[in-house]
Amino acid sequence: MAAHLPQLPRVILYEGKDSQPFAAEVRQELMVKLLDRGYTVSRATERGRLENLGHEKVIVVGIFDRAMPLNSSDSVHIQDVRGQSSESILGAVESFALPREQDTAATPKRWKPWFPVIDYDRCTNCMQCLSFCLFDVYGVTKGGKIQVQNQTNCKTDCPACSRVCPEVAILFPKYKAGPINGDEINQDDLRREAMKVDISSLLGGDIYSMLRDRSEKAKSRFSKERDDDRALKERQRCLDKLKSNFDGLDIPTEVLSSLPSMDQIQAKAQRAKERAQQALEMQSSAGTSPGGEEDVSKNPPATQI
Amino acid sequence: MSEQRPILYCRCAFAKVLPEEVKDGVLQRLVASDFPFDSVPDLCEMSAKNDPSLKEIAAQENVCIVACYPRAVRWLFDAAGAPIDPQRVKVLNMRTESVDEVWDELLAVQSADPATSEPASGETNLGGPNSAGADETTSITTQDRG
């Protein structure tokens, strides 16, 4: 699971009874600014009710007609923001947040949530993703079910494991194209998968060996160059070529250029293979299906989804 | 007044996979309407963090989620241990639909929903520590005001 910072407070723009609506531009600006800072933002109107979302802290801002309905507490802070600009309201919100949270919200560099998501309606628990991934993103539950366990280990923008999944069961919701992005799977996608052969045999051996070998060749050419700029261009050219050779996998250049050493790859691949084998053995002895654990299989067949 | 379906809007931060004009346009219409709604910076991030809010959202009756592909949304919730009921949850896709299409569908969903119960007018459930149970929640209630 991704390491994470404390949950930011929920902010409620209150426009219910006994309050005045925000000016339209203030409401819009404030909503966008708060979302961009990482806050969950809710808008309360007289038309309906908001539900508890489980936040430890809640900040309510509004233009109240009368005295505050409740006193603020450690967990709920209520503030009249009559006449204030969106920037000023944002400042008020952030001053209530813990100093650490303030720093976090102001930090421009946040982890881009890029990680695989498993469609258990399709997954057959074959463990190919576990065998393939060198970065320990995947793991297995005690019951032998494949699971994404270390999301932050995933290499940003690399969807390679979804390419090797024989069941089109791995999604990357922020990927550019379907069906990896979660789009419905069509007949063409299924035909492609049916034609997919074991990628290792396709490449005449271990895919990582092949990638590494090519990467080493690129590095070797790079090392012979004396001019830094030329060397850099040459390396980039080699990597682009390498990347284009593996276009089907859509592996970013950064990932290819940061592959570990051959020995490390072999050791990792061996470990992953062993874990996959153990999981498969556990699965066959327990008769576990991928959806047979936890609550995944309890979902009824999709209609709207 | 009929019970409206809860609305959740995802801003999809970090990536430019949602057309800017669509996510901005839909938010503008939500903000200009009188619908109460919740908005979150990024459902993917929440899923990766196992954000407890996802469980609360999944438990809501007939929630309408304005985000991206329904299959992606479903399994993001599932990955966080908050499976959503595909028969009760409606997902509107800002990756493939225009602002008008999303908005029309949202209005249709809201108007098609039969009145099941009358909401407590002016009541806003705020949550707070240990607020998983309804009895433990803090509310702003108009009657509470002096």
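Only a predicted model underlies this, so the values are computations on that prediction, with no experimental measurement involved. (Residues numbered from 1 in each chain as written. Chains lettered and ligands numbered in written order. Predicted model: local features only at pLDDT ≥ 70, side-chain atom pairs only at ≥ 80, totals over all residues.)

Points about the overall build of chain A
To be explicit about the condition: The helix count covers DSSP runs of H or I at least four residues long, the strand count covers runs of E at least two residues long, and both are numbered beginning at the N terminus. Neighbour counting defines burial: a residue surrounded by 20 or more other C-beta atoms within 10 Å of its own C-beta is buried, one with 12 or fewer is exposed, and intermediate counts give partly exposed, using backbone-placed C-beta atoms. Two residues form a contact once the distance between their C-beta atoms, set from the backbone, is within 7 Å.
The helix and strand tally for chain A stands at 11 helices and nine strands. The burial tally for chain A puts 36% of its 305 residues in the buried class. Contacts in chain A between residues at least 24 apart in sequence constitute 63% of all its contacts with a sequence separation of at least 6.

Looking at the overall build of chain B
Helix and strand content of chain B: five helices and six strands. Listed by position from the N terminus, the elements making up chain B come as β-α-β-α-α-β-α-β-α-β-β. Within chain B, the fraction of its 146 residues that count as buried is 51%. Across chain B, contacts joining residues at least 24 apart in sequence account for 69% of those joining residues at least 6 apart.

Considering the confidence of the model for chain A
All names here are of chain A. To keep things clear, this is the line we draw: Predictor confidence is given residue by residue as pLDDT, running from a minimum of 0 to a maximum of 100.
Looking at chain A, pLDDT values average 77 and 67% of them are 70 or higher. Across chain A, element-level confidence peaks in strand S6 (residues 117-118) with a mean pLDDT of 98 and bottoms out in helix H7 (residues 199-202) with 46. Counting contacts from residues 199-205, a segment whose pLDDT is below 50, to residues more than four positions away or on other chains yields eight contacts. A low-confidence stretch, residues 294-305 stays under pLDDT 50, and its non-local contacts, those more than four residues away or across chains, total 26 contacts.

Some words on the packing of helix H1 (residues 20-32) of chain B against helix H5 (residues 99-112) of chain B
Residue and element names in this part refer to chain B. For the record, the criterion: Helix axes are fitted to C-alpha atoms over the stretch in contact, other axes to C-alpha atoms as well, and angles between N-to-C directions run from 0 to 180 degrees. Rotating anticlockwise by less than a right angle from the far helix to the near helix defines a left-handed crossing, while the corresponding clockwise rotation defines a right-handed one. Amino acids outside the nonpolar list (Ala, Val, Leu, Ile, Met, Phe, Trp, Tyr, Cys, Pro) and the charged list (Asp, Glu, Lys, Arg) are all regarded as polar, and Gly is one of them.
Where H1 contacts H5, the axes come no closer than 9 Å and their chain directions differ by 40°. Crossing hand, H1 versus H5: right-handed. Residue-level inspection shows Val22, Gly25, Val26 and Arg29 of H1 in contact with H5, the latter providing Val99, Val102 and Trp103. For the contact of H1 with H5, the class distribution of residues is five nonpolar, one polar and one charged.

A short note on the confidence of the model for chain B
All names here are of chain B. Looking at chain B, the pLDDT average stands at 81 and 75% of residues meet or exceed 70. Low pLDDT, under 50, characterises residues 115-146; the predicted model gives this stretch 76 contacts beyond four residues in sequence or across chains. Overall fold confidence (pTM) sits at 0.78, and the ipTM for the predicted complex is 0.81.

Some points on the pairing of strand S4 (residues 58-64) of chain A
Residues and elements named next belong to chain A. What counts here: Pairing between strands requires that DSSP locate at least two bridges from one strand to the other.
Across the seven residues of S4, six count as buried, placing the element largely inside the fold. Pairing analysis gives five bridges linking strand S1 (residues 10-15) to S4, with the strands arranged parallel. Counted as the bridge partner of Val11 is Ile59 from S4. Two strands pair when backbone bridges link them, and strand S2 (residues 19-20) and S4 are joined in this way by two bridges, in the antiparallel orientation. The residue bridging Gln20 from the neighbouring strand is Ile63, located in S4. Both S4 and strand S5 (residues 76-80) contribute to a ladder of five bridges, which runs parallel.

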